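Observations on chain architecture
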Amino acid sequence: MKTSFEQADLRVRRTHKLLWEALMAELSERAFEEITVKDICERAMVHRTTFYKHYEDKYALLEQGMQQMYDALVAEVVHAPPSVFSADHPPPYFVRVFEHVAEHQQFYKLMLCGEGIGRFQKLVKEYIAEQASANQHFAVPPAMHVQFFAGAVLSLLAWWLENDMPLSPHHMAQYLLSVSGTSSYHP
């Protein structure tokens, strides 16, 4: 038997899920600026007062959803210590990024392609830059190189999504390794 707290928690999670899915559906049809809280609530079949119990506005809903997806990406990308890799065997975390994006294709297509949502792009770019900054030695200042690499990753992900993912995550990770300027690593 579930306690009333557990039932309430389940209802809250279900409400958040319905509202998030409604926002994603609306975003697939029109720009964020054109979407109203009323549109989201009607699609989710959730009363507006319920929406405002959980979120201040549509921006808060978007921010929470983006943060949750970002947290999921970070949690799924395994940060194994440096290991041997080559063009044929790219680092597992490169492959995992593409697998994660493929699993959440609708979200990433909305956030990274076309107009996109700048805040999410900034979050992902900062994360990629942070990860890329470790153990890199290039002729340009490290901060400049990691920003370049992060932008390249976002562009590569967007191209992959816009072209209906014509290559496997493993192949995309191989190409990412190639464009990163590092074809192999031996600790």
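Conventions and cut-offs
- Residues numbered from 1 in each chain as written.
- Predicted model: local features only at pLDDT ≥ 70, side-chain atom pairs only at ≥ 80, totals over all residues.
- Heavy atoms only, no water.
- Helix = DSSP H or I, 4+ residues; strand = E, 2+ residues; numbered from the N terminus.
- Contact = heavy atoms within 4.5 Å.
- Areas by Shrake-Rupley, 256 points an atom, 1.4 Å probe, with all protein chains shown as cover.
- Axes fitted to C-alpha atoms, helices over the stretch in contact; angles between N-to-C directions.
- Left-handed = near helix turned anticlockwise from the far one by under 90°.
- Nonpolar A, V, L, I, M, F, W, Y, C, P; charged D, E, K, R; others polar.
- Buried < 20%, exposed > 50% of the residue type's maximum accessible area, 1.4 Å probe, protein only.
- Core = buried A, V, L, I, M, F, W, Y, C linked by side-chain atoms within 4.5 Å.

**Let's talk about the overall build of the protein chain**
For the protein chain, the count of helices and strands is nine helices and two strands. Reading the secondary structure of the protein chain in the N-to-C direction produces α-α-α-α-β-α-α-α-α-α-β. Relative to all contacts within the protein chain whose residues are 6 or more apart in sequence, the contacts with residues 24 or more apart total 66%. Just so you have it, the protein chain exposes about 10,900 Å², and 57% of that area is on carbon and sulfur atoms.

**Thoughts on the packing of helix α4 (residues 58–76) against helix α6 (residues 105–112)**
Two numbers describe how α4 lies on α6: the axes approach to 12 Å, and their chain directions differ by 115 degrees. Where α4 crosses over α6, the two elements pack in a sense that is left-handed. Each of L62, M66, M69 and L73 in α4 lies in contact with α6, whose residues at this interface are F107, Y108 and M111. Across the contact of α4 with α6, the residue classes break down as seven nonpolar, no polar and no charged.

**Observations concerning the packing of α4 against helix α5 (residues 92–103)**
Where α4 meets α5, the closest approach of the two axes is 9 Å, and the angle between their N-to-C directions is 145 degrees. Of the two possible hands of crossing, α4 and α5 adopt the one that is right-handed. From α4, M69, A72, L73 and E76 reach across to α5, where they touch R96, H100 and E103. Grouping the constituent residues of the contact of α4 with α5 by class yields three nonpolar, one polar and three charged.

**So, the side chain of H100**
Inspection of the secondary structure puts H100 in helix α5. For H100, a relative accessible area of 0% translates into the label buried. When near neighbours in sequence (up to four residues on either side) are disregarded, H100 contacts M69, A72, L73, E76 and Y108.

**Some details on the nonpolar core**
The biggest cluster of nonpolar side chains holds 53 residues, and the ones touching the most others in it are L23, L27, F107, Y108, M111 and F120. For this core, the secondary-structure elements that each account for two or more residues are α1 (4–27), α2 (37–44), α4, α5, α6, α7 (118–132), α8 (142–162) and α9 (169–179). By residue number, the principal contributor to this core is α8, which donates 10 residues. For L27, the residues in contact, after removing those within four places along its chain, are F32, I35, L62, L110 and M111.

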